[in-house]
Amino acid sequence: MTTLKPDTREKLKAVSTATLCTALFKRGLRNQFIQDVRPLNPNLGNMVGEAFTLRYIPAREDLNPIGVFQDRAHPQRKAVEECPPGAVMVIDSRKDARAASAGGILVSRLMKRGVAGVVTDGGFRDSPEIARLDIPAYHNRPSAPTNLTHHQALDINVPIGCGDVPVWPGDVVVGDGEGVVVIPAHLADEIAAEAVEMTAFEDFVQEEVLKGRSILGLYPPTDERTHGDFAAWRKANGR
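Residues numbered from 1 in each chain as written. Predicted model: local features only at pLDDT ≥ 70, side-chain atom pairs only at ≥ 80, totals over all residues. Heavy atoms only, no water.

The name that an unreviewed UniProt entry assigns to the protein is Ribonuclease activity regulator RraA, with the source organism given as Microvirga terrae.

K.L.:
Any chance you could explain the overall build of the protein here in plain terms?
P.N.:
Each helix and strand in the protein was counted, giving 7 helices and 12 strands. Along the three orthogonal principal directions, the C-alpha set of the protein runs to about 70 × 35 × 30 Å. Per-residue burial over the protein gives 48% buried out of 239 residues. Residue pairs at least 24 apart in sequence account for 76% of intrachain contacts in the protein once pairs closer than 6 positions are excluded. Surface exposure of the protein reaches about 11,600 Å², of which carbon and sulfur atoms provide 53%. Each charge class in the protein can be summarised by its mean position, and for the 28 positive and 31 negative side chains these summaries are 3 Å apart. (Helix = DSSP H or I, 4+ residues; strand = E, 2+ residues; numbered from the N terminus. Buried < 20%, exposed > 50% of the residue type's maximum accessible area, 1.4 Å probe, protein only. Contact = heavy atoms within 4.5 Å. Areas by Shrake-Rupley, 256 points an atom, 1.4 Å probe, with all protein chains shown as cover. Lys, Arg positive; Asp, Glu negative; His and termini not counted. Charge placed at Lys NZ, Arg CZ, Asp CG, Glu CD.)

K.L.:
What is the right way to look at the side chain of Asp176 in this model?
P.N.:
Topologically, Asp176 is positioned in the loop between strand E11 (172–175) and strand E12 (180–183). Among buried charged residues, Asp176 stands out as having no salt bridge; its nearest opposite-charge side chain is Arg38, 12 Å away. Separated by 2.9 Å, the side chain of Asp176 and the backbone nitrogen of Glu178 make a polar contact. When residues no more than four places from it in sequence are discounted, the contact partners of Asp176 are Ser16, Thr17, Pro39, Asn46 and Tyr138. (Salt bridge = Lys/Arg side-chain N within 4 Å of Asp/Glu carboxyl O. Polar contact = N/O pair within 3.5 Å; in protein donor to acceptor, adjacent residues only side chain to side chain.)

Printed below as a string of structure tokens:
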């Protein structure tokens, strides 16, 4: 797993997934926003970390009795204990929320171990309790049945699909109140730097629009006035 630079992490904590999606689009990457996942608590601030993955396949009943959890090497339990602090656990649940990907106890353990967040394209059980925890968590919808009902945990830290997005271990995962975007690891530094610049300009534009200014010549900035006004705004706001 690559190492996410502290400066890059801080930059990504201050920008939106919308801005990141635009920066990725400029580079030809159109499919990096995980589909149909939502934050259980949208007020926790940005989730940022490198992807640590868990892959489920459809459960086969004879291989998934409740007793499998007694095995300390069970992939789901093992993944919870091995996901590095500062990483984001990303779970491939095949977009199937009929059974839980995890529950409150496992997510609490991730939180206590310093994991930056958890994402599944399925569902979490104990979702009201998870929403009160101090760890960002994203899922499709609540799901009470145990994961064994429909999921068999199989692989840890391999390339997966989550909400139609390819996720490689070490990719940089960012979540906010809108959802989750996956940044290829080798692009993280430059995407973060560009997104900070884009955010400053968009904040300036928002203020101008709320004052009643037309977007023509402003967004995108095609007028000389816009460039001058933005430079003055940045100086005044320390941006």
